[in-house]
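Here is how the chains run, residue by residue.
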Amino acid sequence: MKPIGRCRAHTNIALIKYWGKRNEELFLPMNSSLSLTLDAFYTDTSVTLDDTLSSDIFYLDDVLQGDKETLKITNFLNLFRTAANIETKCLVKSYNHVPTAAGLASSASAFSALAGAMNEATGLNLDLKTLSTFARQGSGSATRSIYGGLVEWHMGEDDISESSYAIPVDDATWDIGMIVIAVNTGQKKLSSRVGMKQTIETSPFYSSWVETATSDLTKMKDAIKEKDFITLGELTESNGMKMHATMLGAFPPISYWEPDSVKAIQAVKEIRETGIPCYVTMDAGPNVKVLCRQSDMKQIEEKLLNQFKPEQVIPTKVGSGIKVLSDSQWNY
Ligand code: DP6
């Protein structure tokens, strides 16, 4: 029997954003961040260690991937192979239940699921905190997808890889939900990796961004302790906008927004003005995510459907952390 590991990981949306690395090789961020794991978007991944293979093979949604994509996976798997002291090549099969690269953080669930599956296959048995430091080195945001609920990613110290990990902050079972307004689910033009580098190098607002993100995080953790949804939402919206403002200051300027993003932001503002608390955030893509109370979700959805098509309005509950899947739970 060849060793095999299977894992499901959900994606997450940052409420306090990560936008920039202080060490690109180790994926060490400029500031700590905080996210909400989502139930509706996830990746299932299986890894088989196979002595007969001469190189790694990677299928995404049953499509064999080319050299560039496979190399990213190989580099990531090497972290585990080094730790386990093995050289065995792997067959990786991933199924994305996320519109890939639409700013819905598919890399977060992807690398988190791959980390969980490889941890199983190799029998390394890394604890979740250590596993989050591995996931981070596939994609920064993946470090937070190891856990469910509200999750903090500690920036860590200097160039010390082990010091930058994720921890669960709150299970977010106090009436929290999110609605994704899918403006455009096509591939994004500028990857977050390139976008954040360009922002650090050229935006005169970058140092203020790091300062403000750091103080927003402190305030948000206090709001979470007090289960203060309004402050949580206000900080979420403000922090996201400040990240996008910092990008606009880059040269050349970076904007992921499309006309329908503005339409969605405006729609949410109008709903809020009717007395329903709801707040927007956006990532490296045109889609708009609405943080709201789960108990208000139906009402907000109905109002959004006046302006957007049903398939564009995707409600989701809070998601759980990574889950190892058994053979019988693997439905592909
Ligand atoms: C805007 O984690 O995709 O979604 O570490 O280069 O893979 P890499 O970037 P990635 O960036 C996510 C950026 C963001 C904000 C966030 O998720 O914190």
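Keep in mind it's a predicted model, so treat the numbers as computed, not measured.

1. Notes on the site of the ligand
Surrounding the ligand, one finds 17 residues, the nearest of these being Tyr18, Lys21, Ser139, Gly140 and Ser141. With respect to the ligand, the side chain of Tyr18 contributes an N or O atom lying 2.6 Å from an oxygen atom. With respect to the ligand, the side chain of Ser141 contributes an N or O atom lying 2.7 Å from an oxygen atom. Computed on the free molecule, the ligand has an accessible area of 460 Å², of which 94% lies beneath the protein chains in the complex. Take the shell around the ligand: its biggest share by element is three residues, from helix H4 (residues 192-202). Residue composition of the shell around the ligand, grouped by class: seven nonpolar, five polar and five charged. Residue-level mapping places the shell around the ligand at the junction of two domains, with at least three residues from each of domain 1 (4-171 + 322-329) and domain 2 (176-316).

2. Focus: the domain arrangement of the protein chain
By domain assignment, the protein chain separates into domain 1 (4-171 + 322-329) and domain 2 (176-316). Placing the centre of domain 1 and that of domain 2 at their C-alpha centroids yields a distance of 23 Å. On the side of domain 2, 45 residues touch domain 1, which itself brings 33 residues to the contact. Joining domain 1 to domain 2, the criterion identifies four salt bridges. For Lys17, the salt bridge goes to Asp283, with nearest N and O atoms at 2.7 Å.

3. Describing the pattern of salt bridges
Counting across every chain of the model gives 14 salt bridges. The partner of Lys197 in a salt bridge is Glu24, with the nearest N and O atoms 3.5 Å apart. Placement of the pair is Lys197 in helix H4 and Glu24 in the loop between strand S2 (21-23) and strand S3 (28-29), with a sequence separation of 173 residues. Judged by its relative accessible area of 35%, Lys197 falls in the partly exposed class. Since its relative accessible area comes to 46%, Glu24 is described here as partly exposed. The partner of Arg81 in a salt bridge is Asp56, and the shortest N-O contact between them spans 2.8 Å. With Arg81 in helix H1 (residues 67-84) and Asp56 in the loop between strand S4 (33-50) and strand S5 (57-60), the pair connects residues that are 25 residues apart, well separated along the chain. You'll find Arg81 and Asp56 in the same group, each marked buried.

4. Concerning the pairing of strand S7 (residues 89-97)
Of the strand pairs in this sheet, S4 and S7 are connected by nine bridges, and their pairing is antiparallel. Within S7, the residue paired with Ser46 across the bridge is Lys93. Both S5 and S7 contribute to a ladder of four bridges, which runs parallel. Note that in S7 the partner of Leu60 across the bridge is Ser94.

5. Details of helix H2 (residues 106-122)
Helical geometry note: an α-helix holds 3.6 residues per turn, so side chains three or four residues apart project in the same direction. Its 17 residues place the ends of H2 24 Å apart at the C-alpha level, agreeing with the 24 Å of an ideal helix rising 1.5 Å per residue. The element H2 is extensively covered by neighbouring structure, given that 14 of its 17 residues are classed as buried. In the stretch just after H2, Gly123 is the one whose phi turns positive, near 70°.

6. Focus: unusual backbone geometry
A cis amide bond, omega -10°, links Phe251 with the succeeding residue Pro252. Within the element layout of this structure, Pro252 appears in the loop between helix H6 (229-248) and helix H7 (259-273). Positive phi, normally seen in glycine, also occurs at Asn125, with a value near 55°. Assignment of secondary structure puts Asn125 in the loop between H2 and helix H3 (128-136).

Conventions and cut-offs
- Residues numbered from 1 in each chain as written.
- Predicted model: local features only at pLDDT ≥ 70, side-chain atom pairs only at ≥ 80, totals over all residues.
- Heavy atoms only, no water.
- Near = heavy atom within 4 Å.
- Polar contact = N/O pair within 3.5 Å; in protein donor to acceptor, adjacent residues only side chain to side chain.
- Areas by Shrake-Rupley, 256 points an atom, 1.4 Å probe, with all protein chains shown as cover.
- Helix = DSSP H or I, 4+ residues; strand = E, 2+ residues; numbered from the N terminus.
- Nonpolar A, V, L, I, M, F, W, Y, C, P; charged D, E, K, R; others polar.
- Domains from an automatic or database assignment.
- Contact = heavy atoms within 4.5 Å.
- Salt bridge = Lys/Arg side-chain N within 4 Å of Asp/Glu carboxyl O.
- Buried < 20%, exposed > 50% of the residue type's maximum accessible area, 1.4 Å probe, protein only.
- Pairing = 2+ DSSP bridges.
- Expected span 1.5 Å × (residues − 1).

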